[in-house]
Amino acid sequence: HIHSPRFPENLPPFVLFLAAGDLPGAYLEYVATKVRVPVLFVPGNHGEEWVLEEGRRKRPGGVVNLHGRLFRHQGRLFYGIGGVPRYREGEGQLSEGELLRLALKPFPRRLLLGHGVDVLLTHAPPPGPSAGEDFAHRGARAFLLFHRLFTTIHALVRRKYILFKSHGENVEIF
């Protein structure tokens, strides 16, 4: 779809572009130049979400790195956690403690305002049926706690990008 010369006109209307990690920074920048909606991403575990500019690595332009951040769009609150549970040293490797800290970060907001996060965007899945078979994507236990603390829209998506379309309380992910 994205490599079509008609992109994004070849897709149904959408209000947000979500990228769940391991996409090259140049790819994210390309998408951001083509769509007229916010492009949100979380980093994966391979460190691909960078672009080189004058010999230096930087995050791609025109996109929002959602890792550890809240983003409000059309009345919904989005939060992201990139990376995977640590299985080796390197970029995108988080300890269980780091994942737990990130999962709890928006909790004071829920206590103060009575509203949590609507959509959690992660690279790693929670443990269970949505977890991958490889060690890197076996699931992060901290995400189970997150889902207990917050009412979220949860979708098992085995793609690297998600087009988000909201109709009041109904959400389409395609």
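Residues numbered from 1 in each chain as written. Predicted model: local features only at pLDDT ≥ 70, side-chain atom pairs only at ≥ 80, totals over all residues. Heavy atoms only, no water.

Explain unusual backbone geometry to me, and be specific about the residues and the numbers.
Cis geometry marks the peptide bond from Phe7 to Pro8, where omega comes out at 5°. With a phi angle near 60°, Asp22 is a residue other than glycine that sits in the positive phi range. Classification of Asp22 as buried rests on a relative accessible area of 7%. (Buried < 20%, exposed > 50% of the residue type's maximum accessible area, 1.4 Å probe, protein only.)

With reference to specific residues and values, describe the sheet that holds strand β6 (residues 70–73).
Across the sheet, three strands lie side by side as β6-β7-β10; this open sheet has mixed pairing. In the strand order of this sheet, the two ends are held by β6 and β10 (119–122), each with one partner. Strand-to-strand twist across the sheet, computed as the mean angle between neighbouring axes with direction ignored, equals 25°. Bridge count between β6 and strand β7 (residues 76–81): four bridges; the pairing is antiparallel. Bridge assignment links Arg72 to a residue of β7, and that residue is Leu77. (Pairing = 2+ DSSP bridges. Helix = DSSP H or I, 4+ residues; strand = E, 2+ residues; numbered from the N terminus. Axes fitted to C-alpha atoms, helices over the stretch in contact; angles between N-to-C directions.)

Describe the pairing of strand β1 (residues 16–19), and please don't skip the residues or the numbers.
In the case of a regular strand, side chains alternate between the two sheet surfaces. Both faces of β1 are covered, namely the face carrying Leu16 and Leu18 and the face carrying Phe17 and Ala19. Inspection of the sheet shows β1 paired to strand β2 (residues 39–41) by three bridges, in the parallel sense. Bridging across to β2, Phe17 finds its partner in Val39. Taken together, β1, helix α1 (residues 25–34) and β2 form a β-α-β motif whose crossover is right-handed. (Right-handed = clockwise from strand over helix to strand, strands pointing away.)

Quick rundown of the packing of aromatic side chains? Include the residues and the values.
Within the structure shown, the criterion is met by one aromatic pair. Here Phe7 and Tyr30 contribute two aromatic rings whose centre-to-centre distance is 6.5 Å and whose plane-to-plane angle is 20°, an arrangement assigned as stacked. Taken together, the positions of Phe7 in the segment before β1 and Tyr30 in helix α1 put the pair 23 residues apart, joining distant regions of the chain. Relative accessible area serves as the criterion here: at 33%, Tyr30 is assigned to the partly exposed category. Of note, Arg57 hangs over the ring of Trp50, and the distance from its end group to the ring centre comes to 4.2 Å. (Phe/Tyr/Trp six-rings, centres within 6.5 Å; stacked < 30°, edge-to-face > 60°. Lys NZ or Arg CZ within 6 Å of the ring centre and 35° of its normal.)

Run through the side chain of Asp118, naming residues and quoting values.
Residue placement: Asp118 occurs in the loop between α3 (107–113) and β10. Within the buried set, Asp118 has no salt-bridge partner at all; the shortest N-O distance to an opposite charge, 4.6 Å, is to Arg76. Polar side-chain contacts of Asp118 include one of 2.8 Å to the backbone nitrogen of Leu77. (Lys, Arg positive; Asp, Glu negative; His and termini not counted. Salt bridge = Lys/Arg side-chain N within 4 Å of Asp/Glu carboxyl O. Polar contact = N/O pair within 3.5 Å; in protein donor to acceptor, adjacent residues only side chain to side chain.)

So what's going on with α1? Which residues, and what values?
One turn of the α-helix equals 3.6 residues, which is why residues spaced by three or four share an orientation. Of the residues making up α1, those classed as buried are Gly25, Tyr27, Leu28 and Val31. All buried residues of α1 fall inside an arc of 160° around its axis, so they share one side. (Arc of directions from axis to C-beta.)

How would you sum up the confidence of the model for the chain? Please name residues and give values.
Per-residue pLDDT for the chain averages 79, and the proportion of residues at 70 or more is 82%. Within the model, the stretch residues 152–174 combines pLDDT values under 50 with 70 contacts to residues more than four positions away or in other chains. (pLDDT = per-residue confidence, 0-100. Contact = heavy atoms within 4.5 Å.)

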